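Summary of structural features
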Amino acid sequence: SNKFVKTKGPIFSDFYYSTYWGAIKRLRMINPSRGEMIKIPSSLFREGFVEVYLYQKRSLKKCPLVVLLPGIFGGPQRGQTLQLIELLEKNDFHVLVIPNFLSPEYIEANPLYNSDPIHFDVKVLNLILEKVMNRLSHSLSDTHLLAESLGSLLAASWTHQDLKSH
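The present account deals with the structure reproduced in this document. The residue numbering used here restarts from 1 in each chain and proceeds along that chain's sequence as written. In view of the model being predicted, local features appear only for residues whose pLDDT reaches at least 70, and side-chain atom pairs are presented and counted only at 80 or more, with totals across whole chains, interfaces and linings using the full set of residues. Excluding hydrogens and water, the side-chain figures rest on all heavy atoms present in the structure.

1. As for the overall build of the protein
A tally of regular secondary structure across the protein gives five helices and five strands. Of the regular secondary structure in the protein, the N- to C-terminal order runs α-β-β-β-α-β-α-α-β-α. The 166 residues of the protein split such that 36% are buried. Taking all contacts inside the protein whose residues are at least 6 apart in sequence as the whole, residues at least 24 apart take part in 72%. Accessible surface, the protein: about 10500 Å² in total, of which carbon and sulfur atoms supply 59%. Runs of E in the DSSP output that reach at least two residues are strands. Runs of H or I that reach at least four are helices, and both are numbered from the N terminus. Remark: exposure states derive from per-residue accessible area (1.4 Å probe, protein chains only) relative to the maximum for the residue type, with buried under 20%, exposed over 50%, and partly exposed in between. Contact between two residues is taken to exist if any of their heavy atoms lie within 4.5 Å; hydrogens are not considered. Surface accessibility follows the Shrake-Rupley procedure with a 1.4 Å probe radius. Residue values consider only the protein chains on display as shielding.

Now the structure itself:
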């Protein structure tokens, strides 16, 4: 009674096996983003840089840039952000995803906060946008801001600061 029972491995018609591979296929279908994580140099971080996601549309015509500020659980490799990135890439947009202050990418860069973290994050957003716009200058038509959840709070602070400075 202490014998091992040898069984056949799963076959494609097996329900669990099909579901497993179906899940992998679905994951690959919603995560075909073609962009890359790039390092933006900055003295605002102990590591000397912060990583952002950038998809640069290869085109002879100028394309708009969508700056995406994800929510608390969103990011270039997780959450609903993946599907949004894919949709924007397919519709001829450059896509920039800037991590929020609770994301692993941001925390791992060790931000050098001063007394006002929101003002600090606005400085970071300005720096990142400036560097990416310089990189895309030859192929950039205009810029749009898209935010969700926590990203909306940052976007509101960013636009408020921008209005105050003009």
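2. With respect to the environment of G35
Here G35 is to be found in the loop between α1 (15-30) and β1 (36-41). As a C-alpha pair, G35 and Y53 span 18 residues in sequence and 6.6 Å in three-dimensional space.

3. Section: the pattern of salt bridges
The working definition used for a salt bridge is a side-chain nitrogen of Lys or Arg within 4 Å of a carboxyl oxygen of Asp or Glu. Evaluated as defined, the whole model comprises four salt bridges. Between E36 and R135 there is a salt bridge whose closest N-O contact spans 3.4 Å. Highlighted residues: E36 in strand β1 and R135 in helix α4 (residues 117-136), separated in sequence by 99 residues. When salt bridges that share partners are traced, they join K57, K61 and D92 into one network.

4. A short note on unusual backbone geometry
At D92, a residue that is not glycine, the phi angle is positive and equals roughly 60 degrees. Within the secondary structure, D92 is located in the loop between α2 (81-90) and β4 (94-97). For D92, a relative accessible area of 29% puts it in the partly exposed group. Of note in this structure, N110 is not a glycine but carries a positive phi near 55 degrees. Here N110 lies in the loop between α3 (104-108) and α4. On the basis of relative accessible area, N110 is assigned to the partly exposed category, the value being 26%.

5. Comments concerning the packing of aromatic side chains
Geometry of aromatic contacts follows a simple scheme: Phe, Tyr and Trp rings, the Trp one being its six-membered ring, pair when their centres are within 6.5 Å, and the pair is stacked under 30 degrees between planes, edge-to-face over 60, tilted otherwise. Under the counting rule described, the total for this entry stands at three aromatic pairs. Judged by centre distance (5.3 Å) and plane angle (85 degrees), the rings of F45 and Y106 are edge-to-face. Taken as a pair, F45 in the loop between β1 and β2 (49-55) and Y106 in helix α3 lie far apart in primary sequence, 61 residues in all. Their ring planes at 55 degrees and their centres at 4.9 Å tell us that Y113 and F120 sit as a pair that is tilted. Using a relative accessible area of 36% as the deciding quantity, one classes Y113 as partly exposed. Judged by its relative accessible area of 1%, F120 is buried. Members of the aromatic cluster, joined through ring pairs, are F45, Y106, Y113 and F120. As a reminder, the over-ring test applies to NZ of lysine and CZ of arginine, requiring each to be within 6 Å of the ring centre and within 35 degrees of the ring normal. Cation over ring: K39 sits above F49, and NZ or CZ is 4.6 Å from the ring centre.

6. Description of the side chain of N100
Along the polypeptide, N100 turns up in the loop between β4 and α3. Its relative accessible area of 1% is what places N100 among the buried residues. There is a polar contact of 3.3 Å between the side chain of N100 and the backbone oxygen of P70. Not counting residues within four places of it along the chain, the set of residues in contact with N100 comprises P70, G71, I72, Y106, L150 and L154. Counting of polar contacts relies on pairs of N or O atoms within 3.5 Å, with two restrictions inside protein: one atom must be capable of donating a hydrogen and the other of accepting it, and residues adjacent in sequence are counted only when both atoms are side-chain atoms.

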